[in-house]
Structure formats: C-alpha cells, structure tokens
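# Structural overview for review
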Amino acid sequence: MSTLIIISTLPILLLYLGLYKAQKALLPVTLIGLIAALGCTVASYTSADTATPIYSGMMLFNNFSAVFSGITIITTILIILLSRGYFEKISNHIAEYYAIILFALAGVIVMVSFYNLVMLFIGIEIMSVSLYILAGIKKTDFASNEAALKYFLMGAFSTGFLLFGIALIYGSTGSFNLETIRNWVIQNPHSIDPMFYAGILLIVVGLCFKVGAAPFHFWTPDVYEGSPTLITAFMSTVAKTAAFAAFLRLFSACFAPVSDFWVPVLLVITIITLFIGNITALYQQSFKRMLAFSSISHAGYLLFAIVALGASSANSVFMYATAYSIASIIAFGALILVQQQSGSDNFDSFNGLAKKNPFLAVVLTIAMLSLAGIPLTAGFIGKFFMFSGALLQFKLVLVLLAVVNAVISIFYYFRVIIAMYFRDAERAELTVPVYYQLVLGFAALVTILIGIYPGFISNLI
C-alpha cells in the first residue's frame, strides 16, 4: 500500500514544483520518488506469500502484485531517464507530463493489486485517461491529435464492454469480490445462468481491446505511430504488462472453474492475434509501425499463459513481460535518437548506423534478437516459458503455430540489423547522451543476463 501512496502523492508534489518554476528539480524528484516506491515494493515481498485482502476485500498486495509493481516501476524509471530534454521540445509545462505519467502508473499499481471488480475498473480508467492525454501532448501535431482521439474513442468502447460484463457478473453472483464470485461458481456448477457467461465474454472483449489483441487491435498501429515515441514506449511496456497481469489475476481467481467455456474463445483470439500481428509487421516500412504490429503479436504470445492457465502462468507472464519491456525500451530509445537526426522512422534511417555508432547498433541488435526469441536472450526465455506452459496443457497445435510465427518475426526484426550492418549511407555520427548510454546499456545487459541465467527472477511468484 505504501507504494501506491507514494506514487499517488508524488504527482501532486511535481505539480507544485512546476507551479513554482523549479523545472530542474522535476526529474530528480521523480526518480527519487520512484526509487522510494520501488524500495517499498521490494520490502513488501515475502518468502511465504501469506498476504490477505485488505479494505473489505478491495485490494490484495501479495507477491503477485509486488513483482508486477516492481517491473512496471523499473520500466517507468528507465523511460523517465530517457525523457531528459524530451518534453522540453514539446512544451514548457513539463511538470504536467511527469505528473500524468505517474498518475498512469498509480492506475497500473491498482490494476495489478485489485481484488474487487470495482477496483479493476477504477485502475483501468486511471491509467487509460492518463494515456489519452499523453498520446495527444503534441498539440500542433495532427498525427498526435488523431492518436489521442482514436485512443479515446476505442478506449471508451472497450470500457463500455468491460463495464457491461462486470454488471452481468454482479447480476449473477451478487458480488464484485473475486473470492465470492469464485465460490459462487464452485457452489453452483450446474445452475450458472447465460447472463454469467455473457458477462465473461464481454469482459474478454473489453480486456482484449486493452491489450491490443486481434480482432480488437485496429487502434494500436495508428495510436502507437501518432503518439510521441517516449509515450508509445510507456504504452507498449508498462500499460501492456499491467493489462495482462490484471487479465491473469481475474481469470485465474474467478473464472478458472468454467475454463471449458472461455478457453476456446481465447484460443481463437490468440491464433488470430499471432498471425495478424506478424504478417502485417512484415509489410511495414516504418520501424515504429513495425514495433506497433509486433506488439500485437507479442500480445498473442502473452495470451498463452491465460489459455493454458496453470500454476506457472504468473511466472510465464512476468518473464515474458520483463523480456519484452526491456527490449522495447532499447528499440524505442534508439528510434528517438535516429528520428532526431533523420526526421524519419523508416528502416532506411538505420542504414550504416553500425559504422558511425557501434554501441547503438550493438544494443539495438540485442533488442531485436530478444524480440525475435533468439537463444541467449531474455526473449527466448520468455517464449520458452510460454510454450512449456502450453505443452503441459497438451496444446501442441497452438505451440506449432506459435513457432511458425516466431520464424516469421525473424524476417522483420532482422531488417533493421541488416540495415545497420550491411547497407551503406552517408550519415553523421549520432550523439548518444550519457543517460541514454546508461539506460540502453543496462537494458541490453539485463536482456543477456536473463537469457543466460533466468533463475534469478524466474521463481519470484
């Protein structure tokens, strides 16, 4: 709970600093506050997970919430470090931007710690409203405005589905509490009414909108492309991790006894998501848009843990989300630097980068290899966990289709590697600031470390 209190009050302090024109203090105060929140999260982790729901069963701060809070806070710290000098180019009111990012993070903490459907809805709305604003912070940029409007409209639709589903679940069970809903399902196995099943389907639709799974993904490419790149990095890492953690907690806690009903639906969604994400990513000329479509395919891999729901699902989602987040930070960080020099995000903008900026080329190569799931990287371990969990549930066809998609993804991830190392171009050396070197170097190191020795984080839940 201390983590949530710190992250909720920190934005107010930042707004006061902005009011008194203490611009130089904003970044250090934000980082100190996030490190303090991370410290509280680590302190709340216990070897024996005996936490119980608090506040009349509204929230549950156990090891599951501590681990997912930790990875989202660390990801936010890395993104905030990359923001130095970034928001100043957009507006003078940078205190608001830091505050809104932290408000979104507060919603994320609620999403990974909820134990009541009302808190799930509140958490999603706090995060989503903040992201709508962040997507449109470039007021004079048409693409940014379009992204914000499209994100808001699609988000409003998905919220409607989610809220309607929650209402139907309440109408059937008489409660929003996860434990009460689960007990009701167990005690009434033969008298579950159609309204309950309709509620599950509507919640699936609402959450699939939020995670960008097909066929509810159509907002993702335009929103990711139109939003400022740093905000896109936040959306594709922190927000996606939180959405999957909430998805998993809800379905493992409430709907596992009726998995025969919803697993076939999610299975079809997973397969469609994998193919649409990977095949459309193949045809993209923009690196940023390719990352958007590849994020859809990664949502498909993450759905494995829910389709093959089991004791290892939480660890699988954590490992995959960690690998995906740190690799994505490198990719978006490198893209920001290349965009600043060339003004373009096409693959051609990376031509010859290895000769002028070998460090940047090496860390970006590590990120692409990890996203493609090549051995000795964190991405391979993430896919290994997902595929192992599916095989334990005898979903052999699903794993075979996923392997085919993993092979497809190698083609578009290697395009940027080929551009950097094997295509010549007249270009000047990029200036890579020290804080970029620290963040990108750290993320690359962690990617390799998890790929070689995953044991240090693979049993945290």
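Residues numbered from 1 in each chain as written. Predicted model: local features only at pLDDT ≥ 70, side-chain atom pairs only at ≥ 80, totals over all residues. Heavy atoms only, no water.

An unreviewed UniProt entry annotates the chain as NADH-quinone oxidoreductase subunit N of Mucilaginibacter gotjawali. Under the UniProt heading Subunit (unreviewed entry), the note attached to the chain is "NDH-1 is composed of 14 different subunits. Subunits NuoA, H, J, K, L, M, N constitute the membrane sector of the complex." (UniProt positions renumbered as here; feature names shortened; annotations may be inferred.)

A separate point is the overall build of the chain. Summing up its helical and strand segments, the chain has 18 helices and 0 strands in all. Across its three principal directions, the C-alpha atoms of the chain cover 70 × 55 × 45 Å. Counting only residues that meet the buried cut, the chain has 60% of its 461 residues in that class. Contacts spanning at least 24 positions in sequence make up 80% of the contacts within the chain whose residues lie at least 6 apart. Entry remark: accessible area of the chain is about 17,800 Å², with carbon and sulfur atoms responsible for 69%. Looking at the chain, you have 20 positive and 16 negative side-chain charges, and the mean spots of the two groups are 5 Å apart. (Helix = DSSP H or I, 4+ residues; strand = E, 2+ residues; numbered from the N terminus. Buried < 20%, exposed > 50% of the residue type's maximum accessible area, 1.4 Å probe, protein only. Contact = heavy atoms within 4.5 Å. Areas by Shrake-Rupley, 256 points an atom, 1.4 Å probe, with all protein chains shown as cover. Lys, Arg positive; Asp, Glu negative; His and termini not counted. Charge placed at Lys NZ, Arg CZ, Asp CG, Glu CD.)

Membership of the largest hydrophobic core comes to 175 residues, with the highest contact counts inside it found for Leu-250, Phe-251, Phe-255 and Phe-287. Phe-251 has contacts with Ile-200, Ile-203, Val-204, Leu-207, Ala-256, Trp-262, Ile-306 and Leu-309, leaving out every residue within four places of it along the chain. (Core = buried A, V, L, I, M, F, W, Y, C linked by side-chain atoms within 4.5 Å.)

Bringing helix H18 (residues 434-452) into the picture now. With 19 residues, H18 ought to run about 27 Å at 1.5 Å a step, and its terminal C-alpha atoms sit 27 Å apart, in line with that. Burial in H18 covers these residues: Tyr-436, Val-439, Leu-440, Ala-443, Ala-444, Val-446, Thr-447, Ile-450 and Gly-451. Taken around the axis of H18, the buried residues stretch over an arc of 160 degrees, which confines them to a single face. In H18, those exposed residues whose orientation departs by more than 90 degrees from the buried face are Val-434, Leu-438, Leu-445 and Ile-452. Of the surrounding elements, those touching the buried residues of H18 are helix H3 (63-82), helix H13 (313-342), helix H15 (358-372) and helix H16 (378-392). (Expected span 1.5 Å × (residues − 1). Arc of directions from axis to C-beta.)

Turning our attention to unusual backbone geometry. Phi is mostly negative for residues that are not glycine, and the peptide bonds are mostly trans. Across the junction of Ala-214 and Pro-215, the peptide omega takes the value 0 degrees, indicating a cis bond. Considering the arrangement of structural elements, one finds Pro-215 in the loop between helix H8 (194-211) and helix H9 (220-226). The residue Ser-56 is not glycine, and still its phi comes out positive at about 55 degrees. At Leu-376, a residue that is not glycine, the phi angle is positive and equals roughly 70 degrees.

In this model, the chain carries an average pLDDT of 89, and 100% of its residues clear a pLDDT of 70 or more. The secondary-structure element of the chain with the lowest mean pLDDT is helix H14 (residues 353-356), recorded at 86, while H15 shows the highest, at 94. (pLDDT = per-residue confidence, 0-100.)

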